Amino acid sequence: GENVEQHPSTLSVQEGDSAVIKCTYSDSASNYFPWYKQELGKRPQLIIDIRSNVGEKKDQRIAVTLNKTAKHFSLHITETQPEDSAVYFCAASKRDTGRRALTFGSGTRLQVQP
Amino acid sequence: NAGVMQNPRHLVRRRGQEARLRCSPMKGHSHVYWYRQLPEEGLKFMVYLQKENIIDESGMPKERFSAEFPKEGPSILRIQQVVRGDSAAYFCASSPGQGGANEKLFFGSGTQLSVL
């Protein structure tokens, strides 16, 4: 089955700096890669996603890049703010198939220091 | 749109009792997924269901755990004879299941199960 590795496990940045979180996946057939943000005691919330026919996607301060050949994808947060502090999870799945379930990485705890 | 609704929010059971966790998907969503999250860990897939069908249960323990998504009513995750190791947050997610952009998963607030 799919295996998703995520690094780093913790990340501390100063407010205004950029943060980058990286994930690798094992199944070359995976074609959908969402990112979720989870605040303490709350539900995971989808913040951005990308399909394998796209190399990069941006939404305001958040961007995701995908390298299909290397089987890795990254989340970039620019101009970080204290409210960006949370645990971020990457995930992968094979959409449009019976195996739709997401396989998640182990998470990155991001701390933005004011 | 009320989003994905899970109840109860917190559930306390003694070892050997049964736990029933309920999930109502978002309106218009016919696909439901259950995940388990241990403290400081990621989300582990358990089971994927459509109405009246289990599509993928590869992540669910073969014993004591079962799931259903009936034609009417919420999806139920049932854990029989709970043990302390079952203590975790159980999240439900739903999607429209129609392919393409409609494959996004939206999560409920979870049920925190504590086994004494």
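Residues numbered from 1 in each chain as written. Chains lettered and ligands numbered in written order. Predicted model: local features only at pLDDT ≥ 70, side-chain atom pairs only at ≥ 80, totals over all residues. Heavy atoms only, no water.

*Asks:* Now, about the overall build of chain A: what can you tell me, with residues and values included?
*Replies:* When helices and strands are tallied, chain A shows zero helices and 11 strands. Scanning chain A from its N terminus toward the C terminus, one meets helices and strands in the order β-β-β-β-β-β-β-β-β-β-β. Its C-alpha atoms give chain A a radius of gyration of 14 Å, near enough to 13 Å, the size a compact globule of 114 residues would have. Along the first, second and third principal axes, the C-alpha set of chain A runs to 45 × 30 × 20 Å. Considering only intrachain contacts with a sequence separation of at least 6, the fraction spanning at least 24 residues in chain A is 54%. On chain A, roughly 5500 Å² of surface is accessible, and the fraction owed to carbon and sulfur atoms is 46%. Seen as two clouds, the 15 positive and the 13 negative side-chain charges of chain A have centres 8 Å apart. (Helix = DSSP H or I, 4+ residues; strand = E, 2+ residues; numbered from the N terminus. Rg over C-alpha atoms; globule rule 2.2 N^0.38 Å. Contact = heavy atoms within 4.5 Å. Areas by Shrake-Rupley, 256 points an atom, 1.4 Å probe, with all protein chains shown as cover. Lys, Arg positive; Asp, Glu negative; His and termini not counted. Charge placed at Lys NZ, Arg CZ, Asp CG, Glu CD.)

*Asks:* Please give an account of the state of the cysteines that cites residues and values.
*Replies:* Covalently bonding the sulfur atom of one cysteine to the sulfur atom of another cysteine gives a disulfide. The final tally for this structure, using the stated rule, is two disulfides over all chains. Between the sulfur of Cys 23 of chain A and that of Cys 90 of chain A lies a disulfide, 1.9 Å long from S to S. Between Cys 23 of chain A and Cys 90 of chain A, the disulfide has an S-S torsion of -100 degrees and is therefore left-handed. One end of the pair, Cys 23 of chain A, is in strand S3 (residues 19–25); the other, Cys 90 of chain A, is in strand S9 (residues 86–92), with 67 residues separating them in the sequence. Note on accessibility: Cys 23 of chain A and Cys 90 of chain A belong to one class, buried. Between the sulfur atoms of Cys 23 of chain B and its disulfide mate Cys 92 of chain B the distance is 1.8 Å. Residues Cys 23 of chain B and Cys 92 of chain B are joined through a disulfide that is left-handed, its torsion about the S-S bond being -55 degrees. Separated by 69 residues along the polypeptide, Cys 23 of chain B in strand S3 (residues 19–24) and Cys 92 of chain B in strand S9 (residues 88–95) bring together distant segments of the chain. Accessibility expressed as a relative area gives 0% for Cys 92 of chain B, which makes it buried. (Disulfide = S-S within 2.5 Å. Buried < 20%, exposed > 50% of the residue type's maximum accessible area, 1.4 Å probe, protein only.)

*Asks:* Kindly report on the side chain of Asp 27 of chain A, identifying the contributing residues and their values.
*Replies:* Looking at the element boundaries, Asp 27 of chain A is found in the loop between S3 and strand S4 (32–38). Setting aside its immediate chain neighbours within four residues, Asp 27 of chain A contacts Glu 2, Lys 71 and Lys 94 of chain A.

*Asks:* A description of the pattern of salt bridges should follow, citing residues and the corresponding values.
*Replies:* Under the defined criterion, the tally for this structure stands at eight salt bridges over all chains. A single network of salt bridges, built from pairs that share partners, joins Asp 49 and Lys 57 of chain A together with Lys 104 of chain B. (Salt bridge = Lys/Arg side-chain N within 4 Å of Asp/Glu carboxyl O.)

*Asks:* Provide a residue-level description of the interface of chain B and chain A, including the pertinent values.
*Replies:* When the parts of a complex come together, some accessible area is lost, and that lost area is often used as the size of the interface. Taken together, the contact pairs 26 residues of chain B with 22 residues of chain A. Taking both partners together, chain B and chain A bury about 1800 Å²; carbon and sulfur atoms supply 47% of that area. Considering only the side of chain B, the residues that lose the most area to chain A are Leu 43, Glu 103 and Phe 107 of chain B, jointly responsible for 28% of the buried surface there. Taken together, the links from chain B to chain A amount to one salt bridge. Linking chain B with chain A are seven residue pairs in polar contact (both at pLDDT 80 or more), by the criterion used here. Counting residues per element, the ones that place at least two in the side of chain B that touches chain A are strand S4 (31–37), strand S5 (43–50) and strand S6 (53–56) of chain B. Taken together, the residues of the side of chain B that touches chain A break down into 10 nonpolar, 10 polar and six charged. (Buried area = accessible area lost by both parts, 1.4 Å probe. Polar contact = N/O pair within 3.5 Å; in protein donor to acceptor, adjacent residues only side chain to side chain. Nonpolar A, V, L, I, M, F, W, Y, C, P; charged D, E, K, R; others polar.)

*Asks:* Lay out the layout of surface pockets with the relevant residues and their values.
*Replies:* For the largest pocket, the calculated volume is near 620 Å³. Where the lining of the largest pocket is concerned, the elements lending two or more residues are S9 and strand S11 (108–113) of chain A together with S9 and strand S11 (111–115) of chain B. Ranked by residues supplied to the lining of the largest pocket, first place goes to S11 of chain A with four residues. Considered class by class, the residues forming the lining of the largest pocket number 10 nonpolar, 15 polar and six charged. Approximately 270 Å³ is the volume attributed to the second largest pocket. Glu 2, Thr 103 and Phe 104 of chain A together with Leu 43 and Lys 44 of chain B are the residues nearest the centre of the second largest pocket, which is lined by 16 residues in total. Going through the elements one at a time, strand S10 (103–104) of chain A together with S5 of chain B are the ones with two or more residues in the lining of the second largest pocket. Among the elements that line the lining of the second largest pocket, the one with the most residues is S5 of chain B, at three residues. Its residues assigned to classes, the lining of the second largest pocket shows five nonpolar, eight polar and three charged. (1 Å grid on protein atoms, 1.4 Å probe; cavity = no way out; pocket = protein on both sides within 12 Å on 5 of 7 lines; lining within 4 Å. Points joined across faces, edges and corners; volume = space filled by probe spheres on them.)

By themselves, these figures tell us nothing about what the structure is for.
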